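Each chain, letter by letter, is given below.
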Amino acid sequence: MATQQFATFYLDDVLWAINILQVREIITNIEVSDVPQSSEHIRGLMNLRGQIVTVVDMAQALGRDTEGKERATCIILKTDSEVSDRVPPGVQLEKIGGDVVGIMVDRMGDVLEIENERIDPSPANITHGEARFVRGVVQLDEELMLILSIESVLNGQEQ
């Protein structure tokens, strides 16, 4: 039975996930510099050991209320070239691009191994604003896990 591992994270009380193969590292308590006239969901830039990283506020990108909320956890994603030769057969990863990107989240969850058969398509009742960012859904014992379409977030495109 083919499986995939997902790094999970929360935005408010909603559990999201991204394929673990696309995660480089998790950083907390980061300092971000504002970028004037950037998109609303771009939180800013950070210096990660000499490398400039664009930081995306996931709540803002998903159209959630961000007023008064300070996110301090950042998932640094791997570039396409960092994962290109490590993708097992049958696993389809989304394109992130050649630039290092971080996504700000409320808090991290666990790493979960999920059988491919358990991943369902996005349900029709997800709000339109979030539907384009959901690749699939997994029913866990006590909650739903939404699989993030990181390509849609970064490109601002519908799937």
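Residues numbered from 1 in each chain as written. Predicted model: local features only at pLDDT ≥ 70, side-chain atom pairs only at ≥ 80, totals over all residues. Heavy atoms only, no water.

## So, the overall build of the protein
Step number 1: Assigned secondary structure in the protein consists of four helices and 10 strands.
Step number 2: In sequence order, the protein lays out its α and β elements as β-β-β-β-β-α-β-α-β-β-α-β-β-α.
Step number 3: Scaling as 2.2 N^0.38, a compact globule of 159 residues should have a C-alpha radius of gyration of about 15 Å, and the protein matches this with 15 Å.
Step number 4: In terms of overall dimensions, the protein has a C-alpha envelope of 45 × 35 × 25 Å along the principal axes.
Step number 5: Here the protein holds 159 residues, and the buried ones make up 41% of them.
Step number 6: Across the protein, every contact between residues at least 6 apart in sequence was considered, and the portion connecting residues at least 24 apart equals 63%.
Step number 7: Surface exposure of the protein reaches about 8800 Å², of which carbon and sulfur atoms provide 44%.
Step number 8: Separation of charge centres in the protein, based on 13 positive and 27 negative side chains, amounts to 4 Å. (Helix = DSSP H or I, 4+ residues; strand = E, 2+ residues; numbered from the N terminus. Rg over C-alpha atoms; globule rule 2.2 N^0.38 Å. Buried < 20%, exposed > 50% of the residue type's maximum accessible area, 1.4 Å probe, protein only. Contact = heavy atoms within 4.5 Å. Areas by Shrake-Rupley, 256 points an atom, 1.4 Å probe, with all protein chains shown as cover. Lys, Arg positive; Asp, Glu negative; His and termini not counted. Charge placed at Lys NZ, Arg CZ, Asp CG, Glu CD.)

## Considerations on unusual backbone geometry
Step number 1: The backbone phi angle of asparagine 29 is positive, close to 50 degrees, even though this residue is not glycine.
Step number 2: Within the element layout of this structure, asparagine 29 appears in the loop between β3 (23-28) and β4 (42-48).
Step number 3: Judged by its relative accessible area of 66%, asparagine 29 falls in the exposed class.
Step number 4: The backbone phi angle of arginine 49 is positive, close to 50 degrees, even though this residue is not glycine.
Step number 5: With respect to the helices and strands, the residue arginine 49 is situated in the loop between β4 and β5 (51-57).
Step number 6: On the accessibility criterion, arginine 49 (66% relative accessible area) is exposed.

## Regarding the sheet that holds β5
Step number 1: Read from one edge to the other, the open sheet built from five strands follows the order β3-β6-β7-β5-β4, with strand pairing classed as mixed. Of all the strands in the sheet, just β3 and β4 have a single pairing partner and so form its edges. Sheet twist, expressed as the average angle between the axes of neighbouring strands with direction ignored, equals 30 degrees.
Step number 2: Both strand β6 (residues 73-77) and strand β7 (residues 101-105) contribute to a ladder of four bridges, which runs antiparallel. Considered in β7, the bridge of isoleucine 75 is made with isoleucine 103. (Pairing = 2+ DSSP bridges. Axes fitted to C-alpha atoms, helices over the stretch in contact; angles between N-to-C directions.)

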